[in-house]
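Listed here are the chains, written in short residue letters.
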Amino acid sequence: MFPSSWRRCLFVIVINYFSVFHIPVPVTCATRGVDLVQDGVVVLCPPDCSHWTGSVFGTGVYASISSVCGAAVHSGVLGPTGGHVRVHKLQGRHNYMSSYAHGLQSQPLHSWTASFKLTSSTTHRADGNIETTDLKLKLFVCFFVCFFVCLFVCFCADCQMDIAVVIDSSSNIGQRRFNLQKNFVTKLAAMLRVGPTGPHVGLIQASDSPRTEFLLTNYTQPKELLFAIREVAYLGGDTNTGKAIMHTAETFFTQENGGRRGHPRVMMVLVDGWPSDDLEQAAMLARESGINVFLVSVAKPAPEELATVRDKDFMKKAVCKDNGFFSYLIPTWFSTTKHVKPLAQRLCSLDSLLCSRTCYNSVNIGFLIDGSSSIGEGNFQLQLDFLAGIARNFDISDVGARIGAVQFTYEQRLEFGLFDHSNKEDAIAALRRVPYMSGGTATGAAISYTTQNLFRRTARGRNFLIVVTDGQSYDNVRGPALAAQQQGIIIYAVGVAWAPLEDLKAMSSEPKESHTFFTREFTGLAEFIPPLVRGICRDFTENN
């Protein structure tokens, strides 16, 4: 299989070629609006896209993550047999409304960054009597347009990373090799094509103590960035690379310091020889934070120097994953030029960045909230505080983690869906605004309702349901819980006061002991936040 970047390149070439000759682009039911590069492109939809109900968001105007052909059926532009349709790109908007039309149910969406609408098209192909010379000219133009667009898409657009470069500024490297190191980093930055919408680069020095030289958003123009790298002053001192990795993982990629939501985080660490301190704990924090650590070792220790190396396996312990991809050896600072391109390609290999997706930015968490009369208004608020405390631990965004909530008594009410709030602040505010229902306790029916209405797609190891209840359910919980688990939903059962332990264990996923929690008082719920978050991350890691 081609990497995703090259598949996108081929897709761009196809669209450009078909556009030059006014030929509709063949697509599948899975093709989304966001996959189409050009505005006004005509696509050819296959038949039977009317079953893509879960992939159409909006009515008339659709969010760009929607299936183009599914939206065409929903809007009435196409029938179930497929055909040609023109796609018009629009700006993003709020409140995409759901509706049932032409046999297809669209989904609601709170907001999205781009939209599209559809019109019918009778365009099929260009006039068949094209002069040969004209045809050759069009082919010539098409080839070069596709070639340069493809270069840009593959190496620039696909490298929208946030990259922290940690350089060695220890006494071990010396001023001369330090300058060669800066020269190498400037060439690498030039190859990466840093820009406002491309990769962003920041720089940290490793010495006795780490020092941030500039942040990700300080220099987003290539000339300014290259000048800033050249102006970095040599520090000297020990090679405390572990301290530098820890400092970078803790502070560098926050939104306050210029980290961009949804952009992969990459840390490239340069080491001359070997580090003076331990890297293991710092690297563990980086991995848990979704940071892809690359370690570039230059001038590795000679055999007679190995006795002075604190940890001979420091490279294996430092990197995102010890599979050879994240470790890079350069024999000497005088031969770095030929390593610029292959290293840049590794840094921009989105498909291989194994540490980008973590539990913190990849999970869907549903909260099943007990609204029964036995709880009371005060304890209901403690329940919401508990769930908000869990939500705060996750990176909720339109490209990150998601939360949704259902309240239940004898009846069920969808408070908000997984795709209704695209940032943490709005999602937690919505959770805190949930009004108390009051009523009976039918937990089994509530689990079934949540499975069908909150979790739109099965994503094994990524969908989690946290059930909170304070009493005996009036219906069976085992069957609905098993059905939810068979659809890939991992269930944590949290009981309070009179909730029977056998009901909690019947609902929770295996192993029961680590997915079941109980406290006598609602004030004790707060103690469950850390182990629940750790459990979700453990389950995510084991399943992904």
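In the block above lies the structure referred to throughout.
Residues numbered from 1 in each chain as written. Predicted model: local features only at pLDDT ≥ 70, side-chain atom pairs only at ≥ 80, totals over all residues. Heavy atoms only, no water.

Trainee: For this particular structure, what's the right way to read the state of the cysteines?
Mentor: Where two cysteines share a covalent bond between their sulfur atoms, that bond is called a disulfide. In the structure shown here, the tally under the stated rule is four disulfides. Covalent S-S linkage joins C45 and C69, the inter-sulfur distance amounting to 2.1 Å. Measuring handedness by torsion sign, the sulfur bridge of C45 and C69 sits at about -85 degrees and is left-handed. Of the two residues, C45 is situated in strand β2 (residues 42-45) and C69 in helix α2 (residues 68-75); the sequence distance between them amounts to 24 residues. Between C359 and C537 runs a disulfide, and the two sulfur atoms are separated by 1.9 Å. (Disulfide = S-S within 2.5 Å. Helix = DSSP H or I, 4+ residues; strand = E, 2+ residues; numbered from the N terminus.)

Trainee: Can you help me understand the pairing of strand β16 (residues 402-408) in this one?
Mentor: For a regular strand, the rule is simple: side chains alternate between the two faces of the sheet. The element β16 is largely enclosed, with a buried count of seven among its seven residues. Taking every second residue as pointing to the same face, both faces of β16 are buried, with R402, G404, V406 and F408 on one and I403, A405 and Q407 on the other. Summarising the sheet, strand β15 (residues 364-370) and β16 pair through seven bridges and their orientation is parallel. Bridge pairing in β16 places L368 opposite V406. Taking the residues between adjacent antiparallel strands as the criterion, β16 and strand β17 (residues 412-416) are bridged by three residues. (Buried < 20%, exposed > 50% of the residue type's maximum accessible area, 1.4 Å probe, protein only. Pairing = 2+ DSSP bridges.)

Trainee: What am I meant to see in helix α6 (residues 241-251) here?
Mentor: Residues separated by three or four positions in an α-helix point in the same direction, a consequence of the helix having 3.6 residues per turn. Here α6 has its buried residues at T241, G242, A244, I245, T248 and A249. The arc that holds every buried residue of α6, seen down its axis, measures 160 degrees, which confines them to one face. (Arc of directions from axis to C-beta.)

Trainee: Would you take a moment to explain the layout of surface pockets for this structure?
Mentor: Unoccupied space between atoms shows up once a probe the size of one water molecule is rolled over them. A volume near 510 Å³ is recorded for the second largest pocket. For the second largest pocket, the lining is made up of 19 residues, of which R287, R357, T358, F540 and T541 are closest to its centre. Of all the secondary-structure elements, those providing two or more residues to the lining of the second largest pocket are α7 (280-288), α10 (359-362) and α17 (529-543). The element best represented in the lining of the second largest pocket is α17, accounting for five residues. When grouped by side-chain class, the residues that make up the lining of the second largest pocket number nine nonpolar, three polar and seven charged. (1 Å grid on protein atoms, 1.4 Å probe; cavity = no way out; pocket = protein on both sides within 12 Å on 5 of 7 lines; lining within 4 Å. Points joined across faces, edges and corners; volume = space filled by probe spheres on them. Nonpolar A, V, L, I, M, F, W, Y, C, P; charged D, E, K, R; others polar.)

Trainee: Sorry, what's going on with empty space enclosed by the protein here?
Mentor: By the definition in use, this model includes one cavity of 30 Å³ or more. As for the largest cavity, its lining consists of T443, T469, G471, S473, V477, A499, P500, D503, L504 and M507. In terms of residue count, the dominant contributor to the lining of the largest cavity is helix α15 (residues 501-507) (three residues). Of the residues contributing to the lining of the largest cavity, the split by class is five nonpolar, four polar and one charged.

Trainee: How should the side chain of S362 be read in this particular structure?
Mentor: Position of S362 relative to the elements: it lies in helix α10. Side chain to side chain, S362 and N361 meet in a polar contact 2.8 Å long. Beyond its immediate stretch of four places on either side in the chain, S362 contacts R357, G400, A401, R462 and F540. (Polar contact = N/O pair within 3.5 Å; in protein donor to acceptor, adjacent residues only side chain to side chain. Contact = heavy atoms within 4.5 Å.)

Trainee: Explain the sheet that holds β2 to me, please; I cannot follow it from the model alone.
Mentor: Backbone-to-backbone hydrogen bonds pair the strands of a sheet. The strands run either parallel or antiparallel. Reading across from one edge, β1-β2-β5-β8-β4-β3 is the order of the six strands in this open sheet, with mixed pairing throughout. The open sheet is flanked by β1 (25-26) and β3 (58-59), the only strands paired with a single partner. In the sheet, β1 pairs with β2 via two bridges, with the strands oriented parallel. When the sheet's bridge partners are listed, P26 is paired in β2 with L44.

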